[in-house]
Amino acid sequence: MASTDTTPSPVLEKTTAADVGAGLDALDAVVTQRTPLTTVLRQKALPPLVAVALVLGVWQLAFSLELTDEYKLPSPGMVWAALADLWAQGTLFSIIWTSLWRGLSGFVAAVIIGTPIGLLVAQVKPVRAAIGPILSGLQSLPSVAWVPAAVIWLGVNSSTMYAVILLGAVPSVANGLVAGIDQVPPLLLRSGRTMGATGLARARHVLLPGALPGYLAGLKQGWAFSWRSLMAAELIAASPDLGVGLGRFLENQREFNDMSGVLLGIILILIVGVAIDLLFFSPLERRVLRNRGLLVSNR
Amino acid sequence: MTTALTTSESAASVGVLDRAPAVRISHVHKSFGRPGAATHVLDDITLDVAPGEFVTLLGASGCGKSTLLNLVAGLDKPSAGSIELPGHRPALMFQEHALFPWLTAGKNIELALRLGGTPKAERRAEAERLLDLVRLNGAHGKRVHELSGGMRQRVALARALAQGSDVLLMDEPFAALDAITRDVLHDELTRIWAEQKLTVLFVTHNVREAVRLAQRVVLLSSRPGRVAKEWRIDLPQPRRIESAGVADLSIEITDELRGEIRRHGQH
Ligand SMILES: Nc1ncnc2c1ncn2[C@@H]1O[C@H](COP(=O)(O)OP(=O)(O)O)[C@@H](O)[C@H]1O
Ligand SMILES: [Mg+2]
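What counts and what doesn't
- Residues numbered from 1 in each chain as written.
- Chains lettered and ligands numbered in written order.
- Predicted model: local features only at pLDDT ≥ 70, side-chain atom pairs only at ≥ 80, totals over all residues.
- Heavy atoms only, no water.
- Domains from an automatic or database assignment.
- Contact = heavy atoms within 4.5 Å.
- Salt bridge = Lys/Arg side-chain N within 4 Å of Asp/Glu carboxyl O.
- Polar contact = N/O pair within 3.5 Å; in protein donor to acceptor, adjacent residues only side chain to side chain.
- Helix = DSSP H or I, 4+ residues; strand = E, 2+ residues; numbered from the N terminus.
- Nonpolar A, V, L, I, M, F, W, Y, C, P; charged D, E, K, R; others polar.
- Buried < 20%, exposed > 50% of the residue type's maximum accessible area, 1.4 Å probe, protein only.
- Buried area = accessible area lost by both parts, 1.4 Å probe.
- Phe/Tyr/Trp six-rings, centres within 6.5 Å; stacked < 30°, edge-to-face > 60°.
- Lys NZ or Arg CZ within 6 Å of the ring centre and 35° of its normal.
- Near = heavy atom within 4 Å.
- Areas by Shrake-Rupley, 256 points an atom, 1.4 Å probe, with all protein chains shown as cover.

**Some points on the domain arrangement of chain B**
Residue and element names in this part refer to chain B. Splitting chain B by domain gives domain 1 (20-90 + 166-267) and domain 2 (97-164). A straight line from the C-alpha centre of domain 1 to that of domain 2 covers 26 Å. Tallying the contact residues gives 16 residues for domain 1 and 12 residues for domain 2. At the junction of domain 1 with domain 2, the criterion picks out 1 salt bridge. Of the charged contacts in the structure, one is a salt bridge between Glu188 and Arg135, with a shortest N-O distance of 2.9 Å. At the boundary of domain 1 with domain 2, the tally comes to 3 residue pairs in polar contact (both at pLDDT 80 or more). For the side of domain 1 that touches domain 2, the secondary structure elements donating two or more residues are strand S7 (167-171) and helix H6 (179-196). By residue number, the principal contributor to the side of domain 1 that touches domain 2 is H6, which donates 8 residues. When the residues that make up the side of domain 1 that touches domain 2 are grouped by side-chain class, the tally is 9 nonpolar, 3 polar and 4 charged.

**Remarks on the pattern of salt bridges**
Considering all chains together, one arrives at 20 salt bridges over all chains under this definition. Across the pair A:Glu234 and A:Arg102 runs a salt bridge whose closest N-O atoms are separated by 2.7 Å. Taken together, the residues span a long stretch of sequence, with A:Glu234 in helix H10 (residues 199-236) and A:Arg102 in helix H5 (residues 92-123) at a distance of 132 residues. By relative accessible area, which is 2% here, A:Glu234 ends up buried. A salt bridge links B:Lys107 to B:Glu110; the shortest N-O distance between them is 3.5 Å. Note that B:Lys107 and B:Glu110 are positioned in helix H3 (residues 105-115) at a spacing of 3 residues, about one turn of the helix.

**Some words on the interface of chain A and chain B**
Every contact between the two is made by 29 residues of chain A and, on the other side, 33 residues of chain B. Contact with chain B buries area across many residues of chain A, yet A:Thr194, A:Met195 and A:His205 alone supply 24% of it, more than any other trio. At the junction of chain A with chain B, the criterion picks out 1 salt bridge. For A:Asp25, the salt bridge identified is with B:Arg154, shortest N-O distance 2.4 Å. On the surface where chain A and chain B come into contact, there are 9 residue pairs in polar contact (both at pLDDT 80 or more). When contributions to the side of chain A that touches chain B are tallied by element, the ones reaching two or more residues are helix H2 (17-28), helix H9 (186-194), H10 and helix H12 (259-291) of chain A.

**Thoughts on the packing of aromatic side chains**
Within the structure shown, the criterion is met by 10 aromatic pairs over all chains. Note on A:Trp87 and A:Phe93: the rings are 5.6 Å apart at their centroids and 70° apart in plane angle, and the pair reads as edge-to-face. A residue is classified by how much of its surface remains accessible, and A:Trp87, at 55% relative accessible area, is exposed. Put simply, the rings of A:Phe107, A:Trp223, A:Trp227, A:Phe280 and A:Phe281 pair up and form one aromatic cluster. Stacked on the ring of B:Phe100, the Lys or Arg B:Arg159 has its end atom at 5.5 Å from the ring centre.

**Things to note about the site of ligand 1**
Residue and element names in this part refer to chain B. By nearness alone, every residue bordering ligand 1 is listed as Phe32, Val41, Ala60, Ser61, Gly62, Cys63, Gly64, Lys65, Ser66 and Thr67. Here Thr67 contributes a side-chain N or O atom positioned 2.5 Å from an oxygen atom of ligand 1. Relative to its unbound accessible surface of 560 Å², ligand 1 loses 56% to contact with the protein. If one sorts the elements of the shell around ligand 1 by residue count, helix H2 (residues 65-73) sits on top with 3 residues. In terms of residue class, the shell around ligand 1 is built from 4 nonpolar, 5 polar and 1 charged.

What follows is the structure, encoded as structure tokens:
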């Protein structure tokens, strides 16, 4: 045996599990850093702004070069004037609100209906076998296809609008929840079971929170489908009872051959759809993913 | 001081127990698959664990250790035989921490308390006490992904203890940790086992770990899983995994384990 001439350190001899454990914890601790706000703004907000500016620039250029007739391609300024007109008439917000209220209340109803359906389909085998394929099929059927049938069944009124929204969003919400539940790791289901989570407690404490990322994706898609199908329904179905929403406004301007108004309608529809996603779904999704450590900050 | 017991001796030693066992596994068989084409995984397993005893179940990969533990945990039913646990539903710890990533460390423990019926007002303090016990005071508000592997397993241990069971089933809980961290957790586990007077059934394929921890090592054979041999270990706790006593017995048990595995290569 080779002997060493270093004297054993008295400190090292007396280390306990607690000391070593504390040291390991300190060494292993995951350091989470939040990127500063200015960096976030520069990396996340600047590029889309630049893109919008670029589109406006190209649009203005196309107008200035007189590529086509003015009544076919008005300038950005003319569309802006159309917006100012609506504002002056005081109808801008009522038009947006008519559609937004319909879209949001229909979406909330779709969530209330779609969630228990999703839970049932995910958890009850015969229900899944029976309804699962129908839900997936409905999801790929554009719900505008229901408008003629809804008009015949329900008449040209709000019920038709809501029917179309529900048919568009309920399958997405339910399928999102089913996908979310299917993705909950079996290990977590087992650990829930060993803790005694059964029945409703299992749904509340294990299945639903575990399925939240997939469910949120379904909600997001459900909103996009609601909004799209609502706009289509408003375009197709005209009745004084329905009031003027964005879709109707768009169709009215077409009838007046007012291209500035048509473009304004398209832009407003786009803005509302994007705004709901940006102000509501994206922050919610980011929060959920960050809490679970599923969001890599520098990506 | 160690004693090797043959299967028949161990059956006799069970009779010596003065209290009813905390876990009684009698003539348990387990097969998977359709009748006819079924694989026989566990074959006539009989094993009693006394209250407060620390038993490690040792065996090669695939010999049915997890299957047996799942049966004891009530996650699956034996094909034949019976498993009796007089107490509370046992707590089970896995190789992966199995903590809920949508909850903080503290809330994971509080959920176990809640499902076990602890009143709301007491949960927070009880969770703090359990975090203290695993030496993670201050980690209550930490997200699971912010913790290191060793810390996650300690939270998982605290959560298992929160279920209020005296019986703790552990399925290779430290297998994914590095050796230094595992060593520390061995010390912590033996301390908590003694302090809390737990009954532990600990599954591992690591011979030294089995000897480091247990009062009794039970070796399972493979395909089908049978109790091959048992050793009672009287070395005082806390033991060092590097110590001569642990090493000597590890060599003996490893030879036995290799013998069991070799039998499968011979036909
Ligand atoms: N649900 C199951 N269905 C079919 N075979 C299984 C199932 N669970 C385990 N087995 C088989 O049983 C054997 C023992 O598995 P397991 O208990 O996980 O082994 P260990 O934990 O000792 O590594 C393996 O051969 C495995 O393939
Ligand atoms: Mg296993």
